[in-house]
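Results of the structural survey
The lines below spell out each chain.
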Amino acid sequence: MPLWLFIFLAALSIISSLGVILQRHPVHSLLALVLTLIVIAVLFIGLGATTVGFLQMIVYAGAIMVLFLFVIWLLNLQSQPLEAGRLALKLIGALGSAALIAELLAFVLHLPAPLGHEHPVAPDYGSIGRLAQGLFSRYLIAFEITSILLLVGVIGGVALARRTAAGGAGGSM
Amino acid sequence: MAIELLIGAIKAIIVLVMVLQLSAILLWFERKGSALIQDRIGANRAALTGVGRRLGMPNLGFVNTLMADPLKLFTKEDFVPAGADKFLHAMAPFLAMFPVLITFAVVPFGDVLIIGNYHINLQAAHLNVAALYILATIGLGVYGVSLGGWASNNRWALLGGIRATAQMISYELAMGLAIVSMVMTYGTLDLQAMCHAQGGVWFGWLPRWGIFVQPVAFLLLLTAGMAESKRVPFDLPEGESELIAGYFTEYSGGKQAVFMLVDFAEIVLVSALITTFFFGGWQFPWLYPDGFHLPGGAFFALPNLAVAIIGIVSFTVKVVALCWLQILARWTLPRFRYDQLMRLGWKGLLPLALANVVATACVIVVGGV
């Protein structure tokens, strides 16, 4: 990926993630988040991790964000003034972001390789075949455990939804 | 380098223009086709100042309708309802259009065309994970419709948007799994390689098309694709009798025209994908890169240019035929009820698609294909 393209995409991702926290309306914030996720997916693809980039687009930008949209509509969230919120929450948020920035700084100061030093990678790096070989051989147990975890989550979600539908006024749209 | 960029740009423009043209022609196709089905004449009023008719020329309904419909729509008032989110209201039609159009970039419309030293792969963008790309762009198509419904500040529009989102998410699963079974069958995510894999014949005469291997996946992709394009019998999001026009109730003029064009572009997209996965893409029966090898053993040599053109025409004819099939279904079937729609998606198509994937995997492992 040429440097100018990287700088452009990085700037776009920063601007759109600022949009997530500076917009007043939840739906606008959500759209900014979708844009951020797509730009990050494009960055992944540009860096050679094609499969991860497209999976990011399918799972996060395509599926999870639509669920966010549904939740915003179902809870009927409206525009919030920026100064709303409790002081304690703001303090916790500030501390958390300070910790994140410190972590990022520590990482940048102790990079494993100096910036501008490129490591050669295999030509099929990031391809779906390479990813699948890793997933189904070396990391098979982790992969299977994750899938069981997801399955439990799905079954739990269905069980919870059924109980509310039977107890209260369950209905469809 | 410059010439390669130019070739890429020309291919992209050709694909874009072809898709938009076909979508616009489908509008006329649908008006005339529905008239044919319902024993009417249909779309016969548009005439350029009546000159042609006065001179005794044949009715130019086709040309006139193609000009009159967009002219009428684009000169109408662009109305934005009070309390609407103006920015998103204007953005929504284009958010719906964009993912559909960029999906065509990976659909191969021909084999290799050789001009001088250049071997031109007739596909706007060659991507070796094209199937993933398709799933990603189709997933983004939800936003235009749902935000159009939300930004209109209208309850019918919002209901239409919510229905559209729920429907598209539900049928995306079956669609994705149908594509997965095709990926397993061909052992590649590359659409051009899939088309190449469908060349050749079985038993000396039957083309090696995907539909003969995966008929269930074909039906799944066709059904889910029609549901994705939100037309009858899956037109719950815009059901006129309940929701006025659903998510585009509050749209008029040019934006409404774009939403309509998205519907037709989606029909073309579904047809193009089905052609690529199941009907050999640009493959023509018994045509090989060097010419025709007929079942009887006869052989006609053809130059590369002729083979490439036959391939492009073959792809176009298949796409148009599948578009016609979808229009035929739209004017034949009644609309589903909402619960029937959801039951078909989640209890019908999804388990069938999963079973198909498992069966495909079993055949590949046991048969060693």
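Computed from a predicted structure; not experimentally measured.

**Concerning the overall build of chain B**
- The helix and strand inventory of chain B stands at 14 helices and seven strands.
- The C-alpha radius of gyration of chain B comes to 22 Å, within 12% of the 21 Å expected for a compact globule of 369 residues.
- With respect to the principal axes defined by its C-alpha atoms, chain B has extents near 65 × 60 × 50 Å.
- The 369 residues of chain B split such that 44% are buried.
- Restricting to contacts in chain B with at least 6 residues of sequence separation, those with at least 24 account for 76%.

**Re the overall build of chain A**
- The helix and strand tally for chain A stands at six helices and zero strands.
- The order of helices and strands in chain A, counted from the N terminus, is α-α-α-α-α-α.
- Within chain A, the proportion of its 173 residues that are buried is 14%.
- Partitioning the contacts of chain A with sequence separation of at least 6, the portion at a separation of at least 24 is 54%.

**What about the interface of chain B and chain A?**
- With 19 residues of chain B at the interface, the matching set in chain A holds 17 residues.
- Of all the elements in the fold, those that place two or more residues in the side of chain B that touches chain A are helix H5 (130–140), helix H6 (142–151), helix H7 (155–186) and helix H14 (338–367) of chain B.
- If you tally residues by element for the side of chain B that touches chain A, the top one is H5(B), at six residues.
- Residue composition of the side of chain B that touches chain A, by class: 14 nonpolar, three polar and two charged.

**Let's talk about the packing of helix H10 (residues 215–228) of chain B against H14(B)**
Residue and element names in this part refer to chain B.
- Contact geometry for H10 and H14: axes closest at 10 Å, N-to-C directions at 145 degrees. Between H10 and H14 the crossing geometry is left-handed. On H14, the residues that touch Val-216, Ala-217, Leu-220, Thr-223 and Ala-224 of H10 are Leu-349, Leu-352, Ala-353 and Asn-356.
- A breakdown of the residues in the contact of H10 with H14 according to their chemical character gives seven nonpolar, two polar and no charged.

**A word on the pairing of strand E1 (residues 112–115) of chain B**
Residues and elements named next belong to chain B.
- For E1 and strand E2 (residues 118–121), the ladder comprises four bridges, and the chain directions are antiparallel. The partner of Val-112 across the bridge, within E2, is Asn-121.
- Between E1 and E2, which pair antiparallel and follow one another directly, the connecting turn spans two residues, one of which, Gly-116, has a positive phi of 60 degrees.

**Examining the sheet that holds strand E7 (residues 299–301) of chain B**
Residues and elements named next belong to chain B.
- Spatially, E5-E6-E7 is the arrangement adopted by the three strands of the open sheet, whose pairing is antiparallel. Here the strands that pair on one side only, and so sit at the sheet edges, are strand E5 (287–288) and E7.
- As judged from the two bridges shared by E5 and strand E6 (residues 291–293), these two strands associate in the antiparallel manner. Opposite Tyr-288, over in E6, you have Gly-291 as the bridge partner.

**Things to note about unusual backbone geometry**
Residue and element names in this part refer to chain B.
- Phi at Asn-153 takes a positive value of approximately 55 degrees, unusual for a residue other than glycine.
- Locating Asn-153 in the fold gives a position in the loop between H6 and H7.
- Since 15 C-beta atoms lie within 10 Å of it, Asn-153 is described here as partly exposed.
- At Trp-286, a residue that is not glycine, the phi angle is positive and equals roughly 70 degrees.
- On the secondary structure map, Trp-286 appears in the loop between helix H12 (253–278) and E5.

**Quick word on the packing of helix H4 (residues 86–103) of chain B against H6(B)**
Residues and elements named next belong to chain B.
- Following both chains from N to C, one finds H4 and H6 inclined at 160 degrees, their axes separated by 7 Å at the closest point. What the angle tells us is that H4 and H6 run roughly antiparallel. Like other packed secondary-structure pairs, H4 and H6 cross with a definite hand, here left-handed. Of the residues in H6, those touching H4 at Leu-88, His-89, Ala-92, Pro-93, Leu-95 and Ala-96 are Tyr-143, Gly-144, Val-145, Leu-147, Gly-148 and Ala-151.
- Residue composition of the contact of H4 with H6, by class: nine nonpolar, three polar and no charged.

**A few points about H7(B)**
Residues and elements named next belong to chain B.
- For H7, built from 32 residues, the straight-helix expectation of 46 Å at 1.5 Å per residue is met to within 8% by its first-to-last C-alpha distance of 46 Å.
- Within H7, the axis deviates most sharply at Glu-172, by approximately 25 degrees.
- Burial runs high along H7: 24 of the 32 residues are buried.
- Backbone geometry just downstream of H7 places Gly-187 in the positive-phi region, at approximately 70 degrees.

**Some thoughts on the nonpolar core**
All names here are of chain B.
- With 114 residues, the main nonpolar core has Ala-178, Leu-221, Val-268 and Ile-274 as its most contacted residues.
- At 17 residues, the largest contribution of residues to this core is made by H7.
- With near-sequence residues (within four places) excluded, Ile-274 lies in contact with Phe-218, Leu-221, Leu-222, Gly-225, Phe-279 and Leu-322.

**Examining the confidence of the model for chain A**
- The predicted model of chain A has a mean per-residue pLDDT of 82, with 86% of residues at 70 or higher.
- Predicted confidence for residues 168–173 of chain A stays below pLDDT 50, and this span has seven contacts to residues more than four positions away or in other chains.

**Points about H12(B)**
All names here are of chain B.
- Its 26 residues give H12 an end-to-end C-alpha distance of 38 Å, which sits within 8% of 38 Å, the value for a rise of 1.5 Å per residue.
- Counted residue by residue, H12 has 23 buried out of 26 residues, so it is predominantly covered.
- Positioned one or two residues after H12, Gly-280 has a phi angle of 75 degrees, which is positive.

**Observations concerning the environment of Ile134(B)**
- Along the chain, Ile134(B) turns up in helix H5.
- In this structure, Ile134(B) is in contact with Thr103(B), Val106(B), Ile179(B) and Leu273(B), ignoring residues within four places of it in sequence.

**Focus: the environment of Pro26(A)**
Residues and elements named next belong to chain A.
- Within the fold, Pro-26 resides in helix H2 (residues 26–46).
- For Pro-26, a count of 18 C-beta atoms within 10 Å gives the class partly exposed.
- In this structure the C-alpha to C-alpha distance between Pro-26 and Met-1, which are 25 residues apart in sequence, comes to 34 Å.
- Leave out the neighbours within four places in its chain, and Pro-26 touches Ile-72 and Leu-77.

**Quick word on the environment of Ile64(A)**
- Secondary-structure assignment places Ile64(A) in helix H3 (residues 50–74).
- Residues Ile64(A) and Leu5(A) lie 59 residues apart in sequence; the distance between their C-alpha atoms is 27 Å.

Conventions adopted
- Residues numbered from 1 in each chain as written.
- Chains lettered and ligands numbered in written order.
- Predicted model: local features only at pLDDT ≥ 70, side-chain atom pairs only at ≥ 80, totals over all residues.
- Helix = DSSP H or I, 4+ residues; strand = E, 2+ residues; numbered from the N terminus.
- Rg over C-alpha atoms; globule rule 2.2 N^0.38 Å.
- Buried ≥ 20, exposed ≤ 12 C-beta atoms within 10 Å, placed from the backbone.
- Contact = placed C-beta atoms within 7 Å.
- Nonpolar A, V, L, I, M, F, W, Y, C, P; charged D, E, K, R; others polar.
- Axes fitted to C-alpha atoms, helices over the stretch in contact; angles between N-to-C directions.
- Left-handed = near helix turned anticlockwise from the far one by under 90°.
- Pairing = 2+ DSSP bridges.
- Parallel < 35°, antiparallel > 145°, perpendicular 65-115°, else oblique.
- Expected span 1.5 Å × (residues − 1).
- Bend = angle between axes of the 7 residues up to and from the residue.
- Core = buried A, V, L, I, M, F, W, Y, C linked by C-beta atoms within 7 Å.
- pLDDT = per-residue confidence, 0-100.

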